[in-house]
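# Structure assessment
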Amino acid sequence: MMLACFCMLAFNINANAYRSVANDLSISSDKESDDVVSTANLNNLPSTIESISELRKDDDKTLKDSLKRVRKELHRQKVAKRNLHYNILVGPSYTPDFGLLIGSSTLFTFRMNPKDTTMQRSVVPIFLACMVKGGVNLMVKPQLFFKNDRFRIFGQINVKNSKDNYYGVGYSTNKNYERSEESSEYKYLGVRVNPWFLFRMGDSNFFFGPQIDVNYDKIKEPAPGMLKDPSYIKAGGDELGYKNFSSGLGFLLTYDTRDVPANPYRGIYLDLRGIMYQKWLGGDNNYYQFELDYRQFKSVGNRKVLAWTAQTKNVFGGYIPLNKYVLTGTPFDLRGYYMGQYRDKSSHLALVEYRQMFNTDRSNWFKKMAHHLGYVVWGGVGLMGPNPTKIEGVLPNAGVGLRIEVQPRMNVRLDIGRNFVNKENLFYFNITEAF
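So, here's what we can say about the structure. (Residues numbered from 1 in each chain as written. Predicted model: local features only at pLDDT ≥ 70, side-chain atom pairs only at ≥ 80, totals over all residues. Heavy atoms only, no water.)

### Things to note about the pattern of salt bridges
The final tally for this structure, using the stated rule, is 24 salt bridges. Of the charged contacts in the structure, one is a salt bridge between R152 and D149, with a shortest N-O distance of 2.8 Å. Take R152 and D149: they sit in the same class, and that class is buried. Measuring nitrogen to oxygen at the nearest pair gives 2.7 Å for the salt bridge that ties E353 to R335. Of this pair, E353 sits in strand 15 (residues 346–357) while R335 sits in the loop between strand 13 (326–327) and strand 14 (343–344), placing them 18 residues apart in sequence. For the pair E353 and R335, a shared accessibility class is recorded, and that class is buried. (Salt bridge = Lys/Arg side-chain N within 4 Å of Asp/Glu carboxyl O. Buried < 20%, exposed > 50% of the residue type's maximum accessible area, 1.4 Å probe, protein only. Helix = DSSP H or I, 4+ residues; strand = E, 2+ residues; numbered from the N terminus.)

### Let's talk about the nonpolar core
Y166, Y186, I219, M226, Y232, Y242 and L322 are the most contacted members of the largest nonpolar core, which totals 23 residues. Only strand 7 (185–200), strand 10 (267–277) and strand 19 (424–431) provide two or more residues apiece to this core. Sequence-distant contacts of M226, that is, excluding residues within four places in its chain, are made with Y166, Y177, S183, S184, E185, Y186, I219 and Y232. Counting residues in hydrophobic clusters, the runner-up holds 17 residues, among them F297, A307, L349 and M384. (Core = buried A, V, L, I, M, F, W, Y, C linked by side-chain atoms within 4.5 Å. Contact = heavy atoms within 4.5 Å.)

### Thoughts on the side chain of N194
Within the element layout of this structure, N194 appears in strand 7. Assessed through its relative accessible area of 3%, N194 is described here as buried. Of the polar contacts made by the side chain of N194, one reaches the side chain of R192; its length is 3.5 Å. Ignoring sequence-local partners within four residues, the contact set of N194 consists of F154, G155, Q156, Q211, I212 and D213. (Polar contact = N/O pair within 3.5 Å; in protein donor to acceptor, adjacent residues only side chain to side chain.)

### Examining the packing of aromatic side chains
This model, assessed by the stated rule, comprises 16 aromatic pairs. Arranged with centres 5.7 Å apart and planes meeting at 85°, the rings of Y337 and Y342 form a pair that is edge-to-face. Taken individually, Y337 and Y342 each receive the classification buried, so the pair is uniform in this respect. By the ring-pair criterion, three or more aromatic residues cluster together here, those being F145, F154 and W196. Its end group placed over the ring of F207, R152 keeps NZ or CZ at 4.1 Å from the ring centre. One cation-aromatic arrangement involves R179 over Y338; the distance from NZ or CZ to the ring centre is 4.2 Å. (Phe/Tyr/Trp six-rings, centres within 6.5 Å; stacked < 30°, edge-to-face > 60°. Lys NZ or Arg CZ within 6 Å of the ring centre and 35° of its normal.)

### Regarding empty space enclosed by the protein
Using the criterion set out here, one finds 4 cavities of 30 Å³ or more in the structure. Roughly 80 Å³ of internal volume is contained in the second largest cavity. Considering every element that reaches the lining of the second largest cavity, the biggest residue donor is strand 15, with 3 residues. Taken together, the residues of the lining of the second largest cavity sort by class into 4 nonpolar, 3 polar and 4 charged. (1 Å grid on protein atoms, 1.4 Å probe; cavity = no way out; pocket = protein on both sides within 12 Å on 5 of 7 lines; lining within 4 Å. Points joined across faces, edges and corners; volume = space filled by probe spheres on them. Nonpolar A, V, L, I, M, F, W, Y, C, P; charged D, E, K, R; others polar.)

The structure is reproduced here in structure tokens:
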């Protein structure tokens, strides 16, 4: 129908033009001769023919531009109606922990009910790293929304088989532990499956439900320096390595008013959770974990957000597996510290982050590209110790990052964070915001 309208419009333009030309080429008729052509009109014939040619060119260009706009709009509508959207980014990278690697970040978004366009889109980011020297690291953090957001499944799945580094337990040990093949390096195989099941409480913004956490960790070929570490020895590690299986069952109570959980512009997120790891659940040890996570997001302009968070994480028990101590400094909070370098039984942190996407009128190719770019800056501090009230280490942190929008409200993030304790900088490449 739209194409027919454009064709009729072009026909009317041509018809009017031809009428004007016909007037210029009008044939005069008098009593003496019915076939005498006006000499003046004949003199205008070349310029008139040229005008016809120009008009036809202009009409063709107008019609082509109109058809091009129609095709773009139809394509946009087709993409908007498509339920599954995905982006795959692949490229080389380098990290001090793993050396040269090939990284892949994949983002899937979709609605559980494709016919309900008001439903929150589910998000499944997948990160895969293949190390050139051997090894693989897979991480999946799904956010699935069901039944008009009456039920949610969140969580994480990790599979890792690569070299890693051990830094001991406790701030003073972590800070001064030497990173090298002889002191900290080992081969690691680990699997973690940690789903959360959240049910909305009535018509409120509160969610409640259980969580499961299953972990298997195995250390092989430990560095000679690890064999002298008291925490490694206490955990049961020896020259052959170390392995542990943990199985936990717990609860979550969450208050969530975020507009888009994967990249909020406004809202509050408050999460209280506890979990018990028990031998009767199939694990090797008995211990407990408690966490409190508060986040708030405030829109301060068009695609400009001020975000802040305060968190506390704690484990309790006489025997804590090496992999279940609380980490201070991860890719999702204090970026700049090696993940696993600072660990103890308790960790607290506070972080403020400013996020802004560039707003352009998208009138040309460059402005269209710039409209999908943005940046962040952040600053914060972490506190760690052997129990919630005893602080032995302070970890200040700051950094900047680039954002690339690959889907509406879904960003690829490239961050560089500063470790002020060890005076180091670390680079991060991931999908969706840190918190």
